[in-house]
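Understanding the architecture of this molecule
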Amino acid sequence: MKWYANYWIRNIITIAFLISVFGYAHYVSKEGDKTIGAVLIDLLPTFFVLYFVISLHNVFLVKRYLINKRYEAYFPMALLFWSIVIIICGKMAQWYNEFVSWPIETFNVLFIGFLGTGTYFIHLWAFNDITVREKRLINTVAELDFLKMQLNPHFLLNALNNLYGEALTAPEETPERILQLSLLLRYQLEATKKEFVGLLQEIEFIKEYFNYYKFRSNKLVVDIVYEGDLEAYQVPPLLFFSLVENAIKFSLQTDAPYIHLRGTVSDNHLYFEIGNSCLPDELIQHGTGLGLINLERRLEVSSLKYRFTKEKSKNKYKTQLELWNLPTNV
């Protein structure tokens, strides 16, 4: 799936395969009158011209207009496009002394264009089907992982120990902490059943998660700044959870824990940055790293364009996540 998703690898393999097939067929039809090199010299110019125009048609006309049902724009542009292609191919045939007639040239070009467009639709169907299946599988695994986390005795034991400690020192705040824990568990259970959730919902969950852990350390300083229309877009559920969880975990190991979180939404582009205090490498208590691995895997199979970077200095750790082509709320 990974190599097929790469545009250049996919096209290089396709070109090599088609050149091999058509080159062999052309060589056999000449009954050995020409060498393979001479056959390729005859074949390649026409082949690359046709491959280029078909790719141009599929990427700039079919993908942008036909698939999006903008027929009023597609059909006039397609008519003009293929008319120009027919003229160019006819002139090339005349140059190579292979021209028969304009009706035959028109039929040949349109037939090849039809095959190229049909192949492109088959590719889209196969690619989307594979992507949907992988996304469902990843979401199912993620849901199971989160369910395990919620039911994990260690998670609940730590939460109950924290509640017990606060019940002794500040019993008046215990009901609020229990309610916070209940809301966090409920959101995680419900969110993992969906493919996308509202960005604003994710932000509110992050705030509640910070509030729940802030009572464990009065020294923890959390600075959150968000900009843009948070209500307009959607993201995969609990996408930022691993980043926030790591920030809390490693910052609380320091004497002066702090977390700085920045989020900006503009023109279907989300920029999310979280930085936190941490101990030097020789003192830090490393985890398994599965959270970040799962995050990167979910991003790979999502339909979103993304960039994910990590930066570690002596006493600071920072992660940056950028997302494009976010789905919008209806």
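Scroll up to find the structure this text is about.
These figures come from a predicted structure and were not determined experimentally.

Parameters at a glance
- Residues numbered from 1 in each chain as written.
- Predicted model: local features only at pLDDT ≥ 70, side-chain atom pairs only at ≥ 80, totals over all residues.
- Heavy atoms only, no water.
- Phe/Tyr/Trp six-rings, centres within 6.5 Å; stacked < 30°, edge-to-face > 60°.
- Buried < 20%, exposed > 50% of the residue type's maximum accessible area, 1.4 Å probe, protein only.
- Helix = DSSP H or I, 4+ residues; strand = E, 2+ residues; numbered from the N terminus.
- Lys NZ or Arg CZ within 6 Å of the ring centre and 35° of its normal.
- Expected span 1.5 Å × (residues − 1).
- Arc of directions from axis to C-beta.
- Pairing = 2+ DSSP bridges.
- Axes fitted to C-alpha atoms, helices over the stretch in contact; angles between N-to-C directions.

1. A word on the packing of aromatic side chains
As enumerated under the stated definition, the model contains ten aromatic pairs in all. On the numbers, 5.3 Å between centres and 85° between planes, the contact of Phe 81 with Trp 82 is edge-to-face. Pair check on accessibility: Phe 81 and Trp 82 agree, each one buried. Relative to Phe 111, the ring of Phe 107 lies with its centre 6.0 Å away and its plane at 15°, an arrangement referred to as stacked. Placement of both Phe 107 and Phe 111 in helix α5 (residues 102–151) is noted, with a separation of four residues, approximately one turn of the helix. Overall, Phe 111 belongs to the partly exposed group, its relative accessible area being 43%. Every member of this aromatic cluster is reached through a ring pair, and the members are Tyr 187, Phe 205, Tyr 209 and Phe 241. Between Lys 305 and the ring centre of Trp 324, over which it is positioned, the NZ or CZ distance is 5.3 Å.

2. Some points on helix α7 (residues 174–191)
Compared with the 26 Å implied by 1.5 Å per residue over 18 residues, the 26 Å span of α7 between its first and last C-alpha is a close match. Every buried residue belonging to α7 is among Thr 174, Arg 177, Gln 180, Leu 181, Leu 184, Leu 185, Tyr 187, Gln 188 and Ala 191, and all of these are buried. For α7, the buried positions fall inside an angular range of 165° around the axis, keeping them on one side. Residues Pro 175 and Leu 179 are exposed on α7 and point more than 90 degrees away from its buried face.

3. Considerations on the sheet that holds strand β2 (residues 221–227)
Across the sheet, which stays open at both edges, the five strands sit in the order β2-β4-β5-β7-β6 with mixed pairing between neighbours. Among the strands making up the open sheet, the edge pair consists of β2 and β6 (305–312). The average undirected angle you get between the axes of adjacent strands in this sheet is 5°. Judged from the seven bridges that link them, β2 and strand β4 (residues 258–266) form a sheet pairing that is parallel.

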